[in-house]
Amino acid sequence: MKQLRYQRGIALPIMLIMLAVMMVSSIYLLKSSTSSTLTTSNLAYEAALTKAADAGLHAGFTYLRTVPNKNLLLADQAAAGYVATLPPNWAVSNPNFWLGAVTLPPDTDGNRVQYVIHRMCNLPGAYDENNNRCQLTAPRPGTTGPRALGETLKVDASNLAVAAQIHYVVTARVFGPRGGNVVTQAVIMKGP
């Protein structure tokens with residue numbers, strides 16, 4: 001009769017340690033892939049909000065381009081979301097910045113877009129009045145007026161402006177259905 005000897009192998013403890021390491025690694029991998037998916041989803045959501053905010057920028061640009069009488073731009077136009085001044089200490093986080101803003105109807109995704117147009121002047125009225133300081137692009141000497149689209153890209157083309165260009169800033173913000181918020185701005189230059 002053979003005598004049974006006690007086994008002295010260490011395979012079982014090593015395998016248990018390896019299984020524990022593999023389990024911890026798989027949990028980390030699962031969490032990592034979940035956070036990557038959430039990050040990608042959030043980036044896509046922010047891109048969609050930014051695209052929705054472009055509707056506000058476009059509405060403001062359209063108003064400035066199609067205003068029937070430039071004298072209307074000397075004073076606030078609440079119905080159009082236009083404010084004839086922009087104090088230098090106002091930022092988009094200041095509630096006064098949004099006074100006079102227009103809210104567009106919600107889009108198909110439920111985004112609410114709001115925009116406001118500010119003329120970059122410290123006072124209403126004509127840009128060249130004594131106390132009024134406006135952000136301007138100076139006229140260039142020797143110009144003949146506006147050129148056809150693309151013509152100004154030529155090296156020998158004449159300069160565009162024949163009069164000072166007043167700066168207007170169109171600011172749009174969007175409130176998404178999931179609580180997201182995006183603010184975009186565009187500066188538009190327009191002659192007086």
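Refer to the structure printed above.
Residues numbered from 1 in each chain as written. Predicted model: local features only at pLDDT ≥ 70, side-chain atom pairs only at ≥ 80, totals over all residues. Heavy atoms only, no water.

**Student:** I would appreciate a short explanation of a nonpolar patch on the surface in the present structure.
**Tutor:** A cluster of nonpolar side chains, Ile 10, Ile 14, Met 15 and Met 18, forms an exposed patch at the surface whose accessible area comes to about 380 Å². The residue Ile 10 is located in the segment before α1 (11–66) in this model. (Patch = residues over 30% accessible without salt bridge, like charges linked within 9 Å, V, L, I, M, F, W, Y side chains within 5 Å. Areas by Shrake-Rupley, 256 points an atom, 1.4 Å probe, with all protein chains shown as cover. Salt bridge = Lys/Arg side-chain N within 4 Å of Asp/Glu carboxyl O. Helix = DSSP H or I, 4+ residues; strand = E, 2+ residues; numbered from the N terminus.)

**Student:** Where do I start with the packing of aromatic side chains in this structure?
**Tutor:** Geometrically, a pair of aromatic rings is defined through the distance of the ring centres and the angle of the planes. The full count for this structure, using the stated rule, is 3 aromatic pairs. The interplanar angle of 45° and the centroid separation of 6.3 Å between the aromatic rings of Tyr 82 and Tyr 168 together place this pair among those described as tilted. Within this pair, whereas Tyr 82 is found in strand β1 (residues 82–83), its partner Tyr 168 is found in strand β5 (residues 165–175), the two being separated by 86 residues in sequence. Summarising the burial analysis for this pair, Tyr 82 and Tyr 168 share the class buried. Relative to Trp 98, the ring of Phe 97 has its centre 5.3 Å away and its plane inclined at 70°; by these criteria the two rings are edge-to-face. Trp 98 carries the same exposure label as Phe 97, and that label is buried. The rings of Tyr 63, Tyr 82 and Tyr 168 are connected pair by pair, giving a single aromatic cluster. The positively charged end of Arg 173 is found above the aromatic ring belonging to Trp 98, 4.0 Å away from the centroid. A cation over an aromatic ring shows up here: Arg 178 above the ring of Tyr 45, its NZ or CZ 4.0 Å from the ring centre. (Phe/Tyr/Trp six-rings, centres within 6.5 Å; stacked < 30°, edge-to-face > 60°. Buried < 20%, exposed > 50% of the residue type's maximum accessible area, 1.4 Å probe, protein only. Lys NZ or Arg CZ within 6 Å of the ring centre and 35° of its normal.)

**Student:** Could you clarify how one ought to interpret the environment of Lys 70 in this entry?
**Tutor:** For Lys 70, the position within the fold is in the loop between α1 and β1. Along the backbone, Lys 70 and Gly 191 are 121 residues apart, and their C-alpha atoms lie at a distance of 9.0 Å. Excluding anything up to four places from it in sequence, Lys 70 contacts Lys 190, Gly 191 and Pro 192. (Contact = heavy atoms within 4.5 Å.)

**Student:** What exactly am I supposed to notice about the pairing of strand β3 (residues 112–119) here?
**Tutor:** Here is the key point about a regular strand: its side chains alternate between the two faces of the sheet. The buried count for β3 comes to 7 of 8 residues, which makes it a mostly enclosed element. Of the pairings in the sheet, the one linking β1 to β3 comprises 2 bridges and is parallel in character. Of the residues in β3, the one forming a bridge with Val 83 is His 118. One ladder, built from 2 bridges, connects strand β2 (residues 102–103) with β3; its direction is antiparallel. (Pairing = 2+ DSSP bridges.)

**Student:** What is the right way to read the nonpolar core from this model?
**Tutor:** What tends to happen in soluble globular proteins is that the nonpolar side chains get buried as a cluster. Ranked by internal contacts, the top residues of the largest apolar core, which has 25 residues, are Tyr 63, Leu 64, Leu 73, Tyr 82, Ile 117, Tyr 168 and Val 174. Put simply, the parts of the chain that give this core at least two residues each are α1, β3, β5 and β6 (181–190). In terms of residue count, α1 provides more of this core than any other element does, 7 residues in total. Among residues more than four places away in sequence, those in contact with Leu 64 are Leu 73, Tyr 82, Ile 117, Tyr 168, Val 170, Ile 188 and Lys 190. Membership of the second largest hydrophobic core comes to 6 residues, among which are Val 83, Leu 86, Phe 97 and Val 169. (Core = buried A, V, L, I, M, F, W, Y, C linked by side-chain atoms within 4.5 Å.)

**Student:** Before we go on, may I ask you to explain the side chain of Gln 114 in this structure?
**Tutor:** Checked against the element boundaries, Gln 114 lands in strand β3. Looking at Gln 114, its side chain comes within polar contact range of the side chain of Thr 103, at 3.3 Å. Reaching out from Gln 114, the side chain makes a polar contact with the side chain of Arg 173 at a distance of 2.7 Å. The contact partners of Gln 114, leaving out residues within four places of it in the chain, are Trp 98, Ala 101, Val 102, Thr 103, Thr 171, Ala 172, Arg 173 and Phe 175. (Polar contact = N/O pair within 3.5 Å; in protein donor to acceptor, adjacent residues only side chain to side chain.)

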